[in-house]
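What follows is the residue order along each chain.
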Amino acid sequence: MLISINIILFGVGILLLISVLLSKLSAYIGVPTLIVFLLLGLVIDFGKFIQPTVDNYMLVQYVSIFAMIIIMFSGGLDTDFKKMKPIRAQGISLASVGVFITAFVTGGLIHLISGIDLFLSFLIGATISSTDAASVFSIFRNNNTKLKNKLDNILELESATNDPTAYILTTSLIFLILHPTTSFWELALMFIQSIVFGAIIGFIFGRVFSKYIKSIKLDVDGLYPVLLFGVAIFTFACSEMIGGNGFLAVFISAVIIGNRFLPYKKSQTTFFEGLAWLMQVIMFIILGLFTLPNELVATAGISFLTAVIIIFISRPIAVFATLMPFDIDFKSKIFLSWTGIKGAVPIVFAFYPLVYEIPGAILVFNTVFFVTIISLLLQGSTIYFVADKLNLISNSD
């Protein structure tokens, strides 16, 4: 049954208007508004619009990769070298070592408690190991609130840089499940290659395109965002084609471009920030669309267990272990442990096992749904309260 284009456009317009209006409401209700769109996707009658086939999963994966490119590029453009320099070691440690610890502690405990296959358990842990500080910032920014001890900067750097690590972990585990005879050294070599090639491409393209953007003078100012759009997509594609991590390359190139000469930087970063928000809305709706309520009931037990593990055990272990070498007080570590909120990225990763038809892929997908909802509702609604009780809200203007 074909749906009128006018009906489709009406629905899209309503969604866009609601997404903007609810973004302001989140400051008052204390819950990230993306949860509304996840639930909206869930209540729509899925079967009338799209069937859960591998081809459709692959189509959604393409859409989600595009969304991730925008999200990563936006985060890179908005990353200030000077602001991040004092805390870069802490943020990068959380984004790399912290993700590893979160993923493997979560996976190990899932396997020990539930008896689920070890590699599938690790895959669940890897899929939901990255964080999304955008939800945290939306609450604090709307309240004009700053955090003490540069915690907001640490969260921003961690959330902006931990997605590539989680992506490499997720894809490596999928490869290992599909090719169980792969040796540890082969997998390690692929991992290192992905990081190194991605970083090199990101650095080179960032330097080259920042000079190009500085030298070129476009007749239409509105073409600068289009130019950056092209840079992001081209950087991702080139990195992936040579075996590098495209998301890492996109982020690094965006950081370099954003910290060098960039015409109309404020309007450019604002444009991409809004576009990244739209991409998150789309991904949350898609997650809801592809989640079937009857399957949620069947996997509720393991999903709830995973949420408890990652929120109360693996995330705190990762934070305290990773930040042990640094001079960060106990209260700050408690707060960072509580701010491991999940966002659009785990949704993107949750489609990979479905595309590759990994045994237990539905379990991974449904677990991401449960953990995302619990994280947004529980952590998102209490984040300001926790910061206040720990006396971590700055009184300075």
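Look above for the structure.
Below or above, wherever it landed, is the structure these notes cover. All residue numbers refer to positions counted from 1 along the written sequence of the respective chain. Where local features are concerned, this predicted model is filtered to residues with pLDDT of at least 70; where side-chain atom pairs are given and counted, the filter is 80 or more; whole-chain, interface and lining totals use all residues. Here the side-chain values reflect all heavy atoms present in the structure, with hydrogen atoms and water set aside.

What follows deals with the overall build of the protein. Secondary structure elements follow DSSP: runs of H or I no shorter than four residues count as helices, runs of E no shorter than two count as strands, and numbering proceeds from the N terminus. When its secondary structure is counted, the protein shows 17 helices and two strands. Note on classification: 1.4 Å probe, protein chains only; a residue is buried when its accessible area is under 20% of the maximum for its type, exposed when over 50%, partly exposed between these limits. Across the 397 residues that make up the protein, the buried fraction comes to 53%. Residue-level accessible areas treat just the shown protein chains as cover; the underlying method is Shrake-Rupley with a 1.4 Å probe. Roughly 17900 Å² of accessible area belongs to the protein as shown, and the carbon and sulfur atoms make up 70% of that amount.

Each patch is built from salt-bridge-free residues with over 30% relative accessible area, joining like charges within 9 Å and nonpolar side chains (Val, Leu, Ile, Met, Phe, Trp, Tyr) within 5 Å. Counted as salt bridges are all cases of a side-chain nitrogen of Lys or Arg within 4 Å of a carboxyl oxygen of Asp or Glu. On the surface, Ile192, Ile195, Val196, Phe197, Ile200, Phe203, Ile204, Val208, Met241 and Ile242 cluster together into a nonpolar patch covering about 900 Å² of accessible area. If one sorts the elements of the nonpolar patch by residue count, helix H9 (residues 184-215) sits on top with eight residues. Considering the arrangement of structural elements, one finds Ile195 in helix H9.

Turning our attention to empty space enclosed by the protein. Computed over the protein atoms alone on a 1 Å grid, cavities are sets of points where a 1.4 Å probe fits but cannot get out and pockets are open sets with protein on both sides within 12 Å along at least five of seven lines; a residue lines them when it has an atom within 4 Å of a point. Grid points are joined across faces, edges and corners, and a volume is the space filled by probe spheres set on the points. If you walk through the whole model with that rule in mind, you get two cavities of 30 Å³ or more. Its volume calculated, the second largest cavity comes out at about 30 Å³. Residue lining of the second largest cavity: Leu94, Gly98, Val99, Thr102, Ser129, Thr131, Glu158, Asn162, Arg315 and Ala318, and that is the complete set. Sorting the residues of the lining of the second largest cavity by element identifies helix H5 (88-114), helix H8 (151-178) and helix H14 (300-322) as the ones contributing at least two each. The element contributing the most residues to the lining of the second largest cavity is H5, with four residues. Counted by class, the lining of the second largest cavity contains three nonpolar, five polar and two charged residues. Residues are grouped as follows: nonpolar covers Ala, Val, Leu, Ile, Met, Phe, Trp, Tyr, Cys and Pro; charged covers Asp, Glu, Lys and Arg; every other residue, Gly included, is treated as polar.

Of note, Ser194 is situated in helix H9. The residues touching Ser194, leaving out its near neighbours within four places in the chain, are Ile168, Gly243, Gly244 and Asn245. Residue contacts follow a heavy-atom distance rule, with two residues in contact if any of their heavy atoms lie within 4.5 Å.

With that settled, the discussion passes to the pattern of salt bridges. A side chain with one charge can pair with a side chain of the opposite charge if their charged atoms come near. For the structure shown, the criterion picks out one salt bridge. Linking Arg315 and Glu158 is a salt bridge whose minimum nitrogen-to-oxygen distance equals 2.7 Å. Taken together, the positions of Arg315 in helix H14 and Glu158 in helix H8 put the pair 157 residues apart, joining distant regions of the chain. Owing to a relative accessible area of 7%, Arg315 belongs among the buried residues under this scheme.

Bringing unusual backbone geometry into the picture now. In this structure, Asn149 takes a positive phi of about 60° despite not being glycine. Counting through the fold element by element, Asn149 comes out in the loop between strand S1 (146-147) and H8. Here Asn391, not a glycine, exhibits a phi torsion of approximately 60°, which is positive. Relative to the elements of secondary structure, Asn391 occurs in the loop between helix H17 (361-389) and strand S2 (393-394).

Let's shift gears to the packing of aromatic side chains. Pairing of aromatic side chains here covers Phe, Tyr and the six-membered ring of Trp, requires ring centres within 6.5 Å, and sorts the geometry by plane angle: under 30 degrees stacked, over 60 edge-to-face, intermediate tilted. Following the criterion strictly, the structure yields 19 aromatic pairs and no others. For the pair Tyr167 and Phe349, a centre-to-centre distance of 5.9 Å together with 40° between the ring planes defines the contact as tilted. Taken together, the residues Tyr167 in helix H8 and Phe349 in helix H16 (residues 344-355) connect sequence positions 182 residues apart. Taken as a pair, Tyr167 and Phe349 share a single burial class, namely buried. Ring geometry for Phe271 versus Phe272: centroids 5.3 Å apart, planes at 85°, classification edge-to-face. When its relative accessible area of 0% is taken as the criterion, Phe272 is described as buried. Every member of this aromatic cluster is reached through a ring pair, and the members are Phe66, Phe73, Phe229, Phe271 and Phe272.

Quick look at the side chain of Thr106 now. Along the polypeptide, Thr106 turns up in helix H5. Overall, Thr106 belongs to the buried group, its relative accessible area being 0%. When sequence neighbours within four positions are dropped, the list of residues in contact with Thr106 reads Ile101, Gly125, Thr306, Ile309, Ile310 and Ser314.

This paragraph deals with a positive patch on the surface. Charge assignment in this entry is limited to Lys and Arg as positive and Asp and Glu as negative, and neither His nor the chain termini are counted. Charge positions come from single atoms, namely NZ of Lys, CZ of Arg, CG of Asp or CD of Glu. Together, Arg207, Lys211, Lys214 and Arg260 give the surface a local cluster of positive charge. On the basis of relative accessibility, which here comes to 56%, the residue Lys214 falls in the exposed class.

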